[in-house]
Protein chains: 2
Amino acid sequence: MNGSRTWRIGLIGFGNVGQGFVRVLARKEVMLREKYGFNFKIVGIADPVKGSVFDPNGLDPRKLIELVDRYGNIKAYEGGRKDIDSLTLCRSGDVDIIVEVTPTNVKTGEPGLTHIREALSNGKHVVTSNKGPIALAYRELKELAEKKGVMLRFEGTVLSGTPAINLALESLAGAEISKVEGIVNGTTNFILTKMEEGLTFEEALKEAQRLGYAEADPTADIEGWDAAVKAVIIANVIMGASITLNDVEREGISRISREDVANALKEGKKIKLLAEVVKEDGRVRASVKPTKIPLTHPLAGVSGPINALTLHTDTLGRVTIIGPGAGRVETGQAILSDVLAIHRYVRGA
Amino acid sequence: MNGSRTWRIGLIGFGNVGQGFVRVLARKEVMLREKYGFNFKIVGIADPVKGSVFDPNGLDPRKLIELVDRYGNIKAYEGGRKDIDSLTLCRSGDVDIIVEVTPTNVKTGEPGLTHIREALSNGKHVVTSNKGPIALAYRELKELAEKKGVMLRFEGTVLSGTPAINLALESLAGAEISKVEGIVNGTTNFILTKMEEGLTFEEALKEAQRLGYAEADPTADIEGWDAAVKAVIIANVIMGASITLNDVEREGISRISREDVANALKEGKKIKLLAEVVKEDGRVRASVKPTKIPLTHPLAGVSGPINALTLHTDTLGRVTIIGPGAGRVETGQAILSDVLAIHRYVRGA
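Residues numbered from 1 in each chain as written. Chains lettered and ligands numbered in written order. Predicted model: local features only at pLDDT ≥ 70, side-chain atom pairs only at ≥ 80, totals over all residues.

1. Brief notes about the overall build of chain A
Link 1 in the chain: Tallying secondary structure elements over chain A gives 12 helices and 12 strands in all.
Link 2 in the chain: What you see for chain A is a C-alpha radius of gyration of 21 Å, in line with the 20 Å of a compact globule of 349 residues.
Link 3 in the chain: Taken along the three principal axes of its C-alpha coordinates, chain A extends 65 × 45 × 40 Å.
Link 4 in the chain: Relative to its full complement of 349 residues, chain A shows a buried share of 55%.
Link 5 in the chain: Within chain A, residue pairs in contact and separated by at least 24 positions form 71% of the contacts whose partners lie at least 6 positions apart. (Helix = DSSP H or I, 4+ residues; strand = E, 2+ residues; numbered from the N terminus. Rg over C-alpha atoms; globule rule 2.2 N^0.38 Å. Buried ≥ 20, exposed ≤ 12 C-beta atoms within 10 Å, placed from the backbone. Contact = placed C-beta atoms within 7 Å.)

2. Points about the interface of chain B and chain A
Interface size is commonly expressed as the accessible surface area that is lost when the partners come together.
Link 1 in the chain: Facing the 39 residues of chain B at the interface are 39 residues of chain A.
Link 2 in the chain: Contributing elements (two or more residues each) for the side of chain B that touches chain A: helix 1 (16-36), helix 6 (165-171), strand 12 (317-324) and helix 12 (328-347) of chain B.
Link 3 in the chain: Looking at the side of chain B that touches chain A, the element that brings in the most residues is helix 12 of chain B, giving 9 residues.
Link 4 in the chain: Looking at side-chain class alone, the side of chain B that touches chain A contains 22 nonpolar, 13 polar and 4 charged residues. (Nonpolar A, V, L, I, M, F, W, Y, C, P; charged D, E, K, R; others polar.)

3. Section: helix 4 (residues 112-121) of chain B
Link 1 in the chain: The buried count for helix 4 of chain B comes to 7 of 10 residues, which makes it a mostly enclosed element.
Link 2 in the chain: A positive backbone phi angle near 75° is found at B:Gly123, which sits one or two residues after helix 4 of chain B.

4. Structural notes on the sheet that holds strand 5 (residues 125-128) of chain A
All names here are of chain A.
Link 1 in the chain: Taking strand neighbours across the sheet as the criterion, the 6 strands line up as 3-2-1-4-5-6 in an open arrangement whose pairing is mixed. The open sheet has two edge strands with one neighbour each: strand 3 (53-59) and strand 6 (152-153).
Link 2 in the chain: In the sheet, strand 1 (residues 6-12) pairs with strand 2 (residues 39-46) via 7 bridges, with the strands oriented parallel. What sits directly across from Ile12, in strand 2, is Ala46.
Link 3 in the chain: Strands strand 1, strand 4 (97-100), strand 5 and strand 6 of the sheet are contacted by helix 12 (residues 328-347), whose axis makes an angle of about 160° with strand 5. (Pairing = 2+ DSSP bridges. Axes fitted to C-alpha atoms, helices over the stretch in contact; angles between N-to-C directions.)

5. Overview of the domain arrangement of chain A
Residue and element names in this part refer to chain A.
Link 1 in the chain: In terms of domains, chain A is made up of domain 1 (6-161 + 329-347) and domain 2 (168-324).
Link 2 in the chain: The gap between the C-alpha centroids of domain 1 and domain 2 is 28 Å.
Link 3 in the chain: Across the contact, 11 residues belong to domain 1 and 14 residues belong to domain 2.
Link 4 in the chain: Residue classes in the side of domain 1 that touches domain 2 are distributed as 6 nonpolar, 2 polar and 3 charged. (Domains from an automatic or database assignment.)

6. Remarks on the pairing of strand 9 (residues 269-280) of chain A
Residue and element names in this part refer to chain A.
Link 1 in the chain: Sheet analysis places strand 7 (residues 177-183) next to strand 9, joined by 4 bridges and oriented antiparallel. When the bridges of strand 9 are listed, Lys179 appears paired with Val278.
Link 2 in the chain: Where strand 9 meets strand 10 (residues 283-294), 12 bridges bridge the pair, whose relative direction is antiparallel. Following the sheet pairing, Val278 is matched in strand 10 by Arg285.
Link 3 in the chain: Hairpin connection of strand 9 to strand 10: 2 residues between the antiparallel strands, including Asp281 at a positive phi of 50°.

7. Focus: the confidence of the model for chain A
Predicted coordinates in areas of low pLDDT are best not read in detail.
Link 1 in the chain: Overall, the prediction assigns chain A a mean pLDDT of 96, with 99% of residues at 70 or greater.
Link 2 in the chain: Across the assembled chains, the prediction reports ipTM 0.96 with pTM 0.96. (pLDDT = per-residue confidence, 0-100.)

8. Digging into the packing of helix 7 (residues 186-196) of chain A against helix 8 (residues 201-210) of chain A
Residues and elements named next belong to chain A.
Link 1 in the chain: As a packed pair, helix 7 and helix 8 sit with axes 9 Å apart at the nearest point and diverge in direction by 130°. Considering their axes alone, helix 7 and helix 8 lie oblique with respect to each other. Handedness of the crossing formed by helix 7 with helix 8: right-handed. Along its contact with helix 7, which presents Thr187, Phe190, Ile191, Lys194 and Met195, the element helix 8 presents Phe201, Ala204, Leu205, Glu207 and Ala208. (Parallel < 35°, antiparallel > 145°, perpendicular 65-115°, else oblique. Left-handed = near helix turned anticlockwise from the far one by under 90°.)

9. Quick look at the pairing of strand 10 (residues 283-294) of chain B
Link 1 in the chain: Across 2 bridges, strand 8 (residues 249-250) of chain B lies against strand 10 of chain B in parallel orientation. Looking across to strand 10 of chain B, one finds that B:Arg250 is bridged to B:Val288.

10. Focus: the nonpolar core
Link 1 in the chain: A:Val99, A:Ala231, B:Val99 and B:Ala231 are the most contacted members of the largest nonpolar core, which has 224 residues in total.
Link 2 in the chain: Setting aside residues no more than four positions away along its own chain, B:Ala231 makes contact with B:Val248, B:Ala275, B:Val277, B:Ala286 and B:Val288. (Core = buried A, V, L, I, M, F, W, Y, C linked by C-beta atoms within 7 Å.)

11. A look at the relation of the copies chain B and chain A
Link 1 in the chain: When chain B is fitted to chain A, the best match, at an RMSD of 0.0 Å, comes from turning it 180° and sliding it 0.0 Å along the axis. Such values leave the two copies arranged in the relation of a two-fold axis. For chain B, the smallest separation between a C-alpha atom and the rotation axis is recorded for B:Ile321, amounting to 2.2 Å. (Least-squares fit on C-alpha atoms with pLDDT ≥ 70 in both.)

12. A few points about helix 7 (residues 186-196) of chain B
All names here are of chain B.
Link 1 in the chain: Counted residue by residue, helix 7 has 9 buried out of 11 residues, so it is predominantly covered.
Link 2 in the chain: Taken together, the buried positions of helix 7 are occupied by Gly186, Thr187, Thr188, Asn189, Phe190, Ile191, Leu192, Lys194 and Met195.
Link 3 in the chain: Two residues or fewer after helix 7 comes Gly198, characterised by a positive phi angle close to 110°.

13. Focus: the environment of B:Arg347
Link 1 in the chain: Take B:Arg347: it is sitting in helix 12.
Link 2 in the chain: A sequence separation of 342 residues divides B:Arg347 from B:Arg5, and the C-alpha atoms of the two residues are 9.4 Å apart.

14. Focus: the packing of helix 5 (residues 131-148) of chain A against helix 10 (residues 225-238) of chain A
All names here are of chain A.
Link 1 in the chain: Two elements in contact, helix 5 and helix 10, have axes whose closest approach is 9 Å; the angle formed by their N-to-C orientations is 45°. By the angle between their directions, the pair helix 5 and helix 10 is classed as oblique. Considering only the axes of helix 5 and helix 10, their crossing is left-handed. Counting all contacts with helix 5, which are made through Lys131, Ile134, Ala135 and Tyr138, the residues of helix 10 involved are Val229, Lys230, Val232, Ile233, Asn236 and Val237.
Link 2 in the chain: Across the contact of helix 5 with helix 10, the residue classes tally to 7 nonpolar, 1 polar and 2 charged.

15. Remarks on the sheet that holds strand 6 (residues 152-153) of chain B
Within a sheet, neighbouring strands are paired by backbone hydrogen bonds and run either parallel or antiparallel to one another.
Residues and elements named next belong to chain B.
Link 1 in the chain: Strand order in the open sheet made by the 6 strands is 3-2-1-4-5-6, with mixed pairing throughout. Two strands lie at the open edges of the sheet, namely strand 3 (53-59) and strand 6, each paired on one side alone.
Link 2 in the chain: Where strand 5 (residues 125-128) meets strand 6, 2 bridges bridge the pair, whose relative direction is parallel. Looking at the pairing, Val126 lines up with Leu152 of strand 6.
Link 3 in the chain: Along the sheet face, helix 12 touches strand 1 (6-12), strand 4 (97-100), strand 5 and strand 6 and points at about 160° away from the line of strand 5.

16. Observations concerning the environment of B:Leu172
Residue and element names in this part refer to chain B.
Link 1 in the chain: Locating Leu172 in the fold gives a position in the loop between helix 6 and strand 7 (177-183).
Link 2 in the chain: Residue class for Leu172 comes out buried when judged on the 27 C-beta atoms lying within 10 Å of it.
Link 3 in the chain: The spacing of Leu172 and Leu316 is 144 residues in sequence and 9.4 Å in space, taken between C-alpha atoms.

17. Topic: unusual backbone geometry
Residue and element names in this part refer to chain A.
Link 1 in the chain: For the bond from Glu110 to Pro111, the omega torsion is 5°, close enough to zero to count as cis.
Link 2 in the chain: Within the secondary structure, Pro111 is located in the loop between strand 4 and helix 4 (112-121).
Link 3 in the chain: The backbone of Leu159 shows a phi angle near 60°, a positive value even though the residue is not glycine.
Link 4 in the chain: With respect to the secondary-structure elements, Leu159 resides in the loop between strand 6 and helix 6 (165-171).

Spelled out as structure tokens, the structure:
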């Protein structure tokens, strides 16, 4: 046990998730020390837009948040080196854990994939919420981490801070999971819930955009791409498959009408955009599609932007987890829980 | 990393849970080695009724199950020493992990409390599903484990193998939990569900007894004692309190009539036996009582013998987990997940 170690964290990306994580760290610094024996320094941040700064003595999380709240960037941070780039941070001898939170690119995985490879190769633990590298290269990255004796954790890629990956891999260790069904995209679940209340698809989408749940270009959500990427992660990480995005049978919700939703309700059913990953005879199939489920189904009551997973196991039957699936602080919580897991494992309890 | 270590397990108690655990181990031996690098030997079992046997070379799990299925005990096991007792097993130099699964006694915690103290004092990791010692002496046992540099794990004490304790302490590490609401007793939830279908309390209780959900003397379940013990564990383990069973405001379901249930349904509500643990101004209050909840409440859809917990957190809002709350294999899964956690932590990943 080495409770007095100070973890040196390097942050790549200072958008919503990076800021959410630093906010949570700043607010919880004392609690983390007292309850978990967890001490940290943020030694560097690298973001091509928000700015970069590096100081092996540690940056002040409160000042970083203050600056980004006021100016939208951290370029005016006093002290530290400003010429640091992301790859230098990945290789720095002053960093123990790289937190990789650049935007997801599901085609190339970049720039996250290169960052994660570089950090692991240089013996850094990596925590990420970036879905691209995990969906594209989980096996390679996992083997690299094992070879280097470091950890690669990514709770935030599915259901944000709501335990999903670590629930399946750690809390349910030893159980065999033959099927995972989930509502893994909050935007589409919000839209479908609003359509149950009588809105048309277009009205519900506008409402989702107004509330910040949907992007200006909502394609990734409503056509099921985001859910399909999460299905790939579930298949490859939880169920041991090696599938790609092209292997996922995918249909979005843009062709669902208010009438479809109302007719389903009359039958005692709800239409949900379900991600389903099934292992049968050693083969794993994944799909994302609008599905009618009875009101008694454990996912039927999951409304609004909330996400959920039902895991079908050999020893426990169905286990369902329900919680938020997105958000700055929510994904910051995912990163925090992963960083604390590294702290626990390295400490040996 | 030490993937080739063989964990030597000593089992105290060979009732339902102990048998469930050995059944699961026997069935999963190959998978556990291949997937988790987990190798084990059961070196001893001590049970004053089912029989005791000790062999540092390892007992055959399949033979143990075969014997107990055929004769109700393992006294005819060929080989090994039969004169082993539980305390000798706790002290044996041939044991790494003690699995303590004797019956719960919530007044004294015995004999489990003595077993766990003795095992920890002798530097053994301990895994238990025994609620008594954890409800009565969590802090003392936790400090003893820390002092000795070993782990004390007890996922099975709440919601059997459905992640509850480890979900809150590990998967949700860093989140502050201000309130836990739960359906933590399957027997009473089954009875209330049957009463929604029109049965009287007495009829529903008989049905529960027929199906093996309720004991011949159902007091511990229907008067809320079992749920109250779990509320104590939640309060002390998850929310840092130091309360006892007497501190729990407790009311059972024996005075709930079919009419009460029907009237609630007419109001769009369900009556559930809710355990609630709330932290306010640093003080923790715990209660178990029949509570009317609206159908939109995340616990309203939890029917039959299923259990659930809703954790109210600062970073994620509400997170709900739903799954089985009892059962031989289900609690065996809890023990297995804890044993695998010890394996992970000691290995350092």
